[in-house]
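A look at the structure
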Amino acid sequence: MTAIWIAAVAALGLAAPSAAQDGPLRITITDGVIEPLPFAVPTFVARNAAAQDIAQDITRVIAADLSNTGLFREIPQDAHIARVSSFDSTVQWSDWKAINAQALITGSVLVEGDGRIVVQFRLFDVFSEAQLGDGLQFVGTSDGWRRMAHKVADAAYSRITGEGPYFDSRVVFVSETGPKNARQKRLAIMDYDGANVQYLTSSDSIVLAPRFSPDGRRIIYTGYESGFPRVTVLDVATLQRRTLGDLNTNMSFAPRFSPDGSRAVYSAEVAGNTDLYLLDLNTGASTRLTSAPSIETAPSFSPDGSRIVFESDRSGAPQLYIMSAGGGEGNRISFGEGRYGTPVWSPRGDQIAFTKQNAGRFHIGVMRIDGSEERLLTGAFLDEGPTWAPNGRVVMFTRESPGAQGAPALYTVDVTGRNLQRAATPAAASDPNWGPLLD
């Protein structure tokens, strides 16, 4: 793993942005169709010769981040009238208005003698002829240039939409290769946009359901190294692994960290019955949370750690339930037609994403935590396993295509059901989990 240091610092009179910006340039996001906001991002000014190529690369990543949300539309650079030759140049408002740019992002890149990169940027509301928020400067190592681009895009996105950022984050997933009837699987992580893929395990044994810790430094997953499914924790930096829980248990699976990272909730099969258990990662003490003849699995904590949503077939078919983090019977929250599974609590705490199977199709859906306002975002031959972006705005999931040549791939969709996109991976991929914003 490459160590990356990035700091936001005040420079040249630039200061950190306020939490929200008032003004006319703001996307109001509703469930309806949204006309993407046109923006312009001229190639960032290279302040020395060493910065020429990287300035272009950073600019392209920023434009891609914003465009891929479906909320923004880039005005091509060959349509620009004004040319930005200096970071301190006066903005020619009439030139940007003439091409209908509503937002303008300008910036500069400097490569210092020790190899560090300095990136500055400003965001402007063209029609009000005003800067939107304060400028920022990011400083990082040469191999962290993509992260700095994501940070610029995050700042612009948040100021215009009022939503939290999510571009500077990573996804852990299961990379799959080989024929459909003999897939080889290994854990991998990548930037949210598919760049910088790194493999964490070999393909010697099956791996399933990887989940980041709240700080992004560990991954908990179901591993088959022993021949049986076992809950395993992997350190992302060192790749060291350890198996958790009672090794005499036949099977343990579907693990997930608590919001503070000190505990893990998981399913375990004991004496032919599958229940939920809570494991203290510091002491190794395990507590049984459910006790029923049904199968309880796929647990997910609420953001405050007080409750757990899970899947159970106690009603005769898989449905969703919420119980106290201390255990208990729980209350059913899914009542629509079909079978529900793989619930995951939104980082905002207000919604639960899930997989639904009904009438021969699979769907990714969301509902309020009381089960109301169920909304299906997708529908296909096989969609499953949703995971939330750090800001609770976008959901990533696995979609598998049918037929002998069918393979799983990762997709994203906005929480309103808009902007369905395939995520870039070097091979077939499944079981994604979106990690936290990077430090």
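Residues numbered from 1 in each chain as written. Predicted model: local features only at pLDDT ≥ 70, side-chain atom pairs only at ≥ 80, totals over all residues. Heavy atoms only, no water.

1. Here we look at the sheet that holds strand β29 (residues 394-400)
- Taken in spatial order, the four strands of this open sheet run β28-β29-β30-β31, and their pairing is antiparallel. Of all strands in the sheet, those bounded by a partner on one side alone are β28 (383-388) and β31 (421-422).
- Pairing of strand β30 (residues 408-414) with β31, which is carried by two bridges, proceeds in the antiparallel orientation. Bridged to Thr412 within β31 is Gln421. (Pairing = 2+ DSSP bridges. Helix = DSSP H or I, 4+ residues; strand = E, 2+ residues; numbered from the N terminus.)

2. Considerations on the sheet that holds strand β15 (residues 241-243)
- Here four strands make up an open sheet; going across it, the order is β12-β13-β14-β15 and the pairing antiparallel. Single-partner strands in this sheet number two, and they are β12 (207-212) and β15. Pairs of neighbouring strands in the sheet enclose a mean axial angle of 25 degrees, with direction left out of account.
- Across four bridges, β12 lies against strand β13 (residues 218-223) in antiparallel orientation. By the bridge assignment, Arg211 is partnered in β13 with Ile220. (Axes fitted to C-alpha atoms, helices over the stretch in contact; angles between N-to-C directions.)

3. Remarks on the environment of Asp370
- Among the structural elements, Asp370 can be located in the loop between β26 (361-368) and β27 (375-376).
- Sequence separation between Asp370 and Ser226 is 144 residues; the distance between their C-alpha atoms is 40 Å.

4. Some thoughts on the pattern of salt bridges
- Within this structure, the stated rule accounts for 24 salt bridges.
- Residue Lys185 pairs with Glu176 through a salt bridge whose shortest N-O separation is 3.9 Å.
- The partner of Arg368 in a salt bridge is Asp350, and the shortest N-O contact between them spans 3.3 Å. Of this pair, Arg368 sits in strand β26 while Asp350 sits in the loop between β24 (339-345) and β25 (351-358), and the two are 18 residues apart along the sequence. (Salt bridge = Lys/Arg side-chain N within 4 Å of Asp/Glu carboxyl O.)

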